[in-house]
Amino acid sequence: FSSRRRHTRFRNVTGVQTCALPIWIDDPERLEDLPSGSSVQLVDVTPSRDAALASLQGPAAAVTGDSVEYVAVVAAGGAGAPAAKVELALDGTSIGVTSIDSMAPYAEREVRWRTPAGSKAGQRLVRVTVAAPGDKLTANDTLFATLDVAAGAAAVFASTAPDFDARYALDVLRGTLAVPTRGFYRVAPGQWRVDGTLTAVPEDEVKKNLAEAPIVVIHGDTAVFGAPRGYAKGALALVAPPVAKGDEYYPVAAPPSPLMGVFSTLPWDSLPPIDVGEGPRAADWTALTARRGRRLDERKVMYGVQGAARTVVIPAAGLWRWRFRGGRNADTFVSVWGAVFDYLAGETSDARGARPASAWFREGEPIRWRRGGMRDSAVTAVLRRRGAQRPDTVRLRFPGGSAFAESPSLAAGVYTTQVAGAEGLLTVNASAEWLPRRPTVHAGAIGTAAPAGRAPSSRAAWWLYALAIAAICAEWILRRRIGLR
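This text gives an overview of the structure that appears in the document. Please read all numbers here as calculations on a predicted model, not as lab measurements.

**Comments concerning the overall build of the protein chain**
A tally of regular secondary structure across the protein chain gives six helices and 32 strands. In the protein chain, 65% of the contacts between residues at least 6 apart in sequence involve partners at least 24 apart.

And the structure:
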């Protein structure tokens with residue numbers, strides 16, 4: 001519970017001192033756990049006209065020459081929001097200004113831009129601002145993010161049969177690794193399109209990208225360019241859906257494998273069925289198996305082949321059904337593909353010892369870091385906020401070869417980072433407490449738990465004493481009847 005804009009006062013009638021705390025309740029259902037007799041009093045709840053930037057969606061990395069798309073969500077305050085202008089800037093240069101109409105209380109509106117990433121490699125600073133006349137709060141009017149532009153793609157995804165599996169897996173690839181990624185779809189024999197813009201690209205260009213990328217994912221006809229290991233030198237994932245749709249298979253087990261750390265905790269027994277083709281009987285390791293009707297004909301859903309570079313083969317289709325179900329099933333879909341891509345990225349080299357795992361963070365949230373090409377389990381990061389005189393030093397630890405580490409939250413601002421001699425950018429935005437949100441708590445009595453100090457005590461239950469005495473008497477009578485003293 002935390003907030004700087006609204007005060008909620010908790011009062012308990014059991015004699016506990018009344019406390020007034022500045023809080024924002026993200027999980028109002030937990031108030032039911034307060035002691036019975038507690039009450040909530042709202043103070044300073046006058047709604048105001050406010051236009052705030054609630055979120056910003058966009059890639060964390062791109063390749064020179066690519067186009068990137070950003071989606072900003074503008075939220076209105078409790079008294080609505082006036083007409084406003086939303087601007088996107090890249091390294092201080094305005095990319096576009098979009099006008100939006102006035103909004104009703106707590107309404108939201110999306111604003112989209114598509115812009116070239118640029119022809120020069122390096123990190124870009126993305127800034128989105130909303131300007132509205134009469135806006136009462138300015139702390140939530142700006143969002144900063146970073147965009148890492150690379151000269152070449154670090155991961156390439158090519159699909160000869162685009163479907164939901166390909167689309168969702170590519171989304172996870174971009175979100176999990178946060179590295180420059182390119183996607184290509186074959187829409188007809190010899191005709192390829194770039195993911196996102198659907199720009200036509202020559203087939204030779206697709207093969208060239210696959211040959212140069214450290215991480216390659218081929219979906220559909222995995223032999224479209226010949227034997228994959230004939231041209232792909234990096235880590236490789238081959239997703240080969242079965243040609244004919246057959247019986248339904250259900251995931252049942254995750255044998256020991258390099259992916260077991262993630263797979264062993266997933267709910268396989270509650271997932272929708274998938275289509276699984278017949279794979280080779282021999283594999284260096286198997287990460288996931290499925291059975292027809294959960295009882296017969298066990299097949300490999302995911303297995304690995306050891307060689308000069310890591311290779312994962314997935315002769316299955318229909319995993320998109322997990323994503324469609326939402327909830328835990330959707331989380332399982334992301335976890336499965338995320339574990340595969342993390343495994344493939346394990347042997348790739350990164351000049352940076354560690355890098356921020358997200359394009360932007362908020363004040364009050366821990367900073368999550370992704371491990372780079374370092375071999376040690378710990379690395380020192382030097383952070384300097386723009387306008388500050390002294391830098392901050394953070395020690396990042398990756399225990400047990402973990403791919404991620406967390407450091408304490410930082411004050412809002414734009415930071416330059418230096419990790420293992422490599423420089424970068426880190427953006428921390430204003431806390432989410434400043435965002436307008438519809439009230440979820442009302443003044444009045446709250447809490448269903450027993451009052452503090454008034455919980456039921458066994459001393460007050462006379463029947464417990466009667467039961468104990470009756471048990472002792474019965475035991476004495478039985479012992480006498482069988483001749484014991």
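**Overview of the sheet that holds strand β5 (residues 61-63)**
What the five strands build is an open sheet, ordered β5-β11-β10-β7-β8; its pairing is mixed. Every other strand in the sheet has two partners, leaving β5 and β8 (93-100) as the edge strands with one partner each. Between one strand axis and the next, the sheet turns by 25 degrees as a mean value, whatever way the strands run. Looking at chain direction, β5 and strand β11 (residues 142-150) are connected through three bridges and run parallel. By the bridge assignment, alanine 61 is partnered in β11 with aspartate 148.

**Examining unusual backbone geometry**
Of note in the backbone geometry, aspartate 91 takes a positive phi value of approximately 55 degrees without being a glycine. Mapped onto the elements, aspartate 91 comes out in the loop between β7 (84-90) and β8. Relative accessible area serves as the criterion here: at 43%, aspartate 91 is assigned to the partly exposed category. Positioned with a positive phi, tyrosine 106 is a non-glycine residue whose angle comes to about 65 degrees. Looking at the secondary structure, you find tyrosine 106 in the loop between β8 and β9 (108-116).

**Considerations on the packing of aromatic side chains**
One pass over the structure, following the stated rule, counts 13 aromatic pairs. With a centroid separation of 5.7 Å and 25 degrees between ring planes, the pair formed by tryptophan 192 and phenylalanine 225 is classed as stacked. Of this pair, tryptophan 192 sits in strand β14 (residues 191-194) while phenylalanine 225 sits in the loop between β16 (215-219) and β17 (235-239); the two residues are 33 residues apart in sequence, bridging distant segments of the chain. Pair check on accessibility: tryptophan 192 and phenylalanine 225 agree, each one buried. Ring pairs connect the aromatic residues Phe164, Tyr168, Trp320, Phe324, Phe333, Trp337 and Phe341, which therefore count as one cluster. Here the basic side chain of arginine 323 rests over the ring of tyrosine 168, its NZ or CZ set 4.6 Å away from the ring centre. Here the guanidinium or amino end of arginine 368 rests over the ring plane of phenylalanine 404, the centre of that ring lying 3.9 Å away.

**Regarding a negative patch on the surface**
A surface patch of negative charge is lined by Asp27, Glu29, Glu32 and Asp33. Take glutamate 29: it is sitting in the loop between β2 (19-22) and β3 (38-43).

**Details of a nonpolar patch on the surface**
Taken together, Trp462, Trp463, Leu464, Tyr465 and Leu467 make up a surface patch of nonpolar side chains, about 630 Å² in accessible area. By secondary structure assignment, the location of tryptophan 463 is in helix α6 (residues 462-481).

**Describing the sheet that holds strand β29 (residues 404-407)**
Within a beta sheet, neighbouring strands are joined by backbone hydrogen bonds and run either parallel or antiparallel to one another. In space, the three strands of this open sheet follow the order β24-β26-β29, with antiparallel pairing throughout. This sheet does not close on itself; its edge strands, each paired only once, are β24 (354-356) and β29. Taking each pair of neighbouring strands and ignoring which way they run, the sheet shows an average axis angle of 35 degrees. When strand β26 (residues 367-371) meets β29, the two strands line up antiparallel, connected through four bridges. The residue bridging tryptophan 369 from the neighbouring strand is alanine 405, located in β29.

**A short note on the pattern of salt bridges**
Under the defined criterion, the tally for this structure stands at twelve salt bridges. Across the salt bridge formed by glutamate 69 and arginine 112, the nearest N and O atoms sit 3.3 Å from each other. Taken together, the residues span a long stretch of sequence, with glutamate 69 in strand β6 (residues 67-76) and arginine 112 in strand β9 at a distance of 43 residues. The partner of aspartate 247 in a salt bridge is arginine 292, with the nearest N and O atoms 3.7 Å apart. Residue aspartate 247 is located in the loop between β17 and β18 (249-253), and its partner arginine 292 is located in strand β20 (residues 285-292); the two are separated by 45 residues in the primary sequence.

What counts and how
- Note on numbering: residues in each chain are counted from 1, in written sequence order.
- This being a predicted model, a pLDDT of at least 70 is required before a residue's local features are given, and a value of 80 or more before pairs of side-chain atoms are given or counted; all residues contribute to the totals for chains, interfaces and linings.
- Think of the side-chain values as coming from all heavy atoms in the structure, minus any hydrogens and water.
- Comment: elements are numbered from the N terminus, with helices defined as DSSP H or I runs of at least four residues and strands as E runs of at least two.
- Residue contacts are defined here by distance: any two heavy atoms, one from each residue, within 4.5 Å place the two residues in contact.
- Think of it this way: DSSP has to see at least two bridges between two strands before they count as a pair.
- Axes here mean lines fitted to C-alpha atoms, for a helix over just the part in contact, with angles spanning 0 to 180 degrees between N-to-C directions.
- For the exposure calls, accessible area comes from a 1.4 Å probe over protein chains only, and a residue counts as buried if that area is under 20% of its type's maximum, exposed if over 50%, partly exposed in between.
- Paired rings are identified among Phe, Tyr and Trp, the last through its six-membered ring, by centres lying within 6.5 Å, and are further divided according to the angle between planes into stacked (under 30 degrees), edge-to-face (over 60) and tilted (the rest).
- Geometrically, a lysine NZ or arginine CZ counts as sitting over a ring once it is within 6 Å of the ring centre and also within 35 degrees of the ring normal.
- Think of a patch as exposed residues, more than 30% relative accessible area, with no salt bridge, where like charges cluster within 9 Å and nonpolar side chains (Val, Leu, Ile, Met, Phe, Trp, Tyr) cluster within 5 Å.
- Accessibility throughout is a Shrake-Rupley quantity obtained with a 1.4 Å probe, and a residue counts as covered only by protein chains that appear here.
- The rule for a salt bridge is simple: a side-chain nitrogen of Lys or Arg has to be within 4 Å of a carboxyl oxygen of Asp or Glu.
- For this count, His and the chain ends are skipped, Lys and Arg are scored as positive, and Asp and Glu as negative.
- Every charge is mapped to an atom, namely NZ of Lys, CZ of Arg, CG of Asp or CD of Glu.

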